[in-house]
Amino acid sequence: AQGPGTSSAPTAPAPGVDEEGRSLFEAGRTAYNNGRFPEALSYFERAYELTHRPRLLFNIATALERLRRDEEAITHYQ
């Protein structure tokens with residue numbers, strides 16, 4: 001049995017988290033499209049830390065691949 005304050009249900013994100021995550025993703029996409037891969041990686045990682053959306057792992061992996069950090073990219077693709 002679960003005690004008070006414990007739950008297996010996911011908690012709702014804090015207000016504005018999705019919006020902030022989307023803004024970080026868009027900034028990362030713009031940086032990536034302009035060849036600024038280190039900057040893109042930073043934005044994608046921050047968006048993932050905030051939202052934990054699995055699709056961002058692909059963006060992180062592609063930025064890592066462009067930076068020739070292949071082993072890390074493979075881990076994120078998996």
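Refer to the structure presented above.
The structure reproduced in this document is the subject of the present report. (Residues numbered from 1 in each chain as written. Predicted model: local features only at pLDDT ≥ 70, side-chain atom pairs only at ≥ 80, totals over all residues. Heavy atoms only, no water.)

Now for the layout of surface pockets. The computed volume of the largest pocket comes to approximately 250 Å³. Surrounding the largest pocket, D18, G21, R22, F25, A47, T51, R53, R55, L56 and N59 form its lining. Looking at the lining of the largest pocket, the elements with two or more residues in it are α1 (17-33), α2 (37-51) and α3 (55-66). Counting residues per element, the lining of the largest pocket draws most heavily on α1, at 4 residues. (1 Å grid on protein atoms, 1.4 Å probe; cavity = no way out; pocket = protein on both sides within 12 Å on 5 of 7 lines; lining within 4 Å. Points joined across faces, edges and corners; volume = space filled by probe spheres on them. Helix = DSSP H or I, 4+ residues; strand = E, 2+ residues; numbered from the N terminus.)

Tallied over the entire structure, the rule returns 6 salt bridges. A salt bridge links R53 to D18, with the nearest nitrogen and oxygen atoms 2.7 Å apart. On the criterion of sequence distance, the pair formed by R53 in the loop between α2 and α3 and D18 in helix α1 is long-range, its members being 35 residues apart. A relative accessible area of 43% means that R53 is categorised as partly exposed. Classification of D18 as partly exposed rests on a relative accessible area of 38%. Each of R22, E26 and R29 takes part in one network of salt bridges that share partners. (Salt bridge = Lys/Arg side-chain N within 4 Å of Asp/Glu carboxyl O. Buried < 20%, exposed > 50% of the residue type's maximum accessible area, 1.4 Å probe, protein only.)

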